[in-house]
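What follows is each chain in one-letter form.
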Amino acid sequence: MSFIRSEDQTIKDFGDQWLRYTDNEGYYGSIELFSDILSPILTPDDIRGCRVAEIGSGVGRIVNMLLQAGVKHVIAVGPSQAFGALSRNIQESQKVTFLNVTGDQLPPYGNLDFVFSIGVLHHIKNPLPVVEAAFRALRPGGHFLVWLYGKEGNGLYLALIRPLRVLTKHLPHYMLASLVEIIYWPLVLYIKFCHRLPLPLRGYMLSVLEKMSPEKRRLIIYDQLNPAYAKYYTRFEAEKLFSDGNFENIRIHHRHGYSWTVIGTKPLT
Ligand SMILES: C[S@@+](CC[C@H](N)C(=O)[O-])C[C@H]1O[C@@H](n2cnc3c(N)ncnc32)[C@H](O)[C@@H]1O
């Protein structure tokens, strides 16, 4: 019997996902969404001309956002078997170094202005080695910005998704895609109700999900149900990850009341 570690299985699950969902069209891949992810901590203008890395690049959605924001150079770290789709999707590939490795293997450049990791660390069982690699890659005074699933503000959602994921993370693609189709239409109705009622996740539904194309909403449902490992962070756990990684000046934002945007700075000395 073969034994696959949950980290390897998660990377494989994402690789399979990205080989099926290869593009980043519309609002899903837009600079407007990037502003929303960074806000109120940074704006895209803050990273113009910077040397940056992104850990867990999927099929290049965030790398292209970074390029649209005007960064000088991006190190794109993608460990999965969809690495080819990642490099094919990049619009200005002469400004990108592609590394087909896990985040803990980001080289210790020591000269990057920013390292980003958007929607990734919550899929890694032991993320501290990745945080430490980001620390080593930054220049003194450089910043690490992460977006994580949150626990606070997600009570009802977690009560539904956790039992469902016990099953769905094992489903083959065609069954998972059928389940996504079943969930999709009640979700559309839920978004409509959010216009009138103060329902859970209302901020996210109206500010983000409603602006996505039908295909990208389906991808987002799939992305919630597919990976082997997903953790929902408390504020304390999110901040601790950064302090354990020796970052200082740690700031945290409860994005749309359901997730965390966290930034920390590498000390100058
Ligand atoms: C939800 S996707 C986010 C992709 C991209 N950052 C975005 O926002 O479009 C999570 C990504 O984390 C990557 N990942 C999982 N484990 C990883 C690890 N140990 N090191 C680096 N990336 C990892 C997966 O391959 C997957 O592409």
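Rules behind the numbers
Numbers given for residues are sequential positions, taken from 1 along each chain in its written order. Local features in a predicted model are, by the rule used here, given only for residues with pLDDT of at least 70; side-chain atom pairs are given and counted only at 80 or more, and totals for whole chains, interfaces and linings are based on all residues. Each side-chain value is derived from all of the structure's non-hydrogen atoms; neither hydrogens nor water enter the calculation. Strands are runs of DSSP state E lasting at least 2 residues, helices are runs of H or I lasting at least 4, and numbering of each runs from the N terminus. To get the radius of gyration, use the C-alpha atoms; to get the globule rule, take the number of residues to the power 0.38 and multiply by 2.2 Å. Throughout, exposure labels follow a simple rule: accessible area from a 1.4 Å probe, protein chains only, divided by the maximum for the residue type, with under 20% read as buried, over 50% as exposed, and the rest as partly exposed. In this analysis, two residues are considered to be in contact whenever any of their non-hydrogen atoms come within 4.5 Å of each other. Surface accessibility in these figures is a Shrake-Rupley result with a 1.4 Å probe; residues are shielded only by whichever protein chains are displayed.

So what exactly am I meant to see when it comes to the overall build of the protein chain here?
The secondary structure content of the protein chain amounts to 10 helices and seven strands. Taken over C-alpha atoms, the radius of gyration comes to 18 Å for the protein chain, in line with the 18 Å a tight globule of 269 residues would show. Counting only C-alpha atoms and orienting by the principal axes, one finds that the protein chain spans roughly 50 × 45 × 35 Å. For the protein chain, with 269 residues in total, the buried portion stands at 53%. Considering only intrachain contacts with a sequence separation of at least 6, the fraction spanning at least 24 residues in the protein chain is 71%. Total accessible area on the protein chain stands at roughly 12200 Å², and carbon and sulfur atoms take up 58% of it.

What is the right way to read unusual backbone geometry from this model?
The peptide bond linking serine 39 to proline 40 adopts the cis configuration, its omega dihedral lying at 0°. The residue leucine 201 is not glycine, and still its phi comes out positive at about 65°. Its location among the elements puts leucine 201 in the loop between α7 (173-194) and α8 (202-207). You can call leucine 201 buried: its relative accessible area is 17%. Located in the positive-phi region is asparagine 249, a residue other than glycine, with phi close to 50°. Relative to the helices and strands, asparagine 249 is located in strand β6 (residues 248-255). We classify asparagine 249 as partly exposed; its relative accessible area is 49%.

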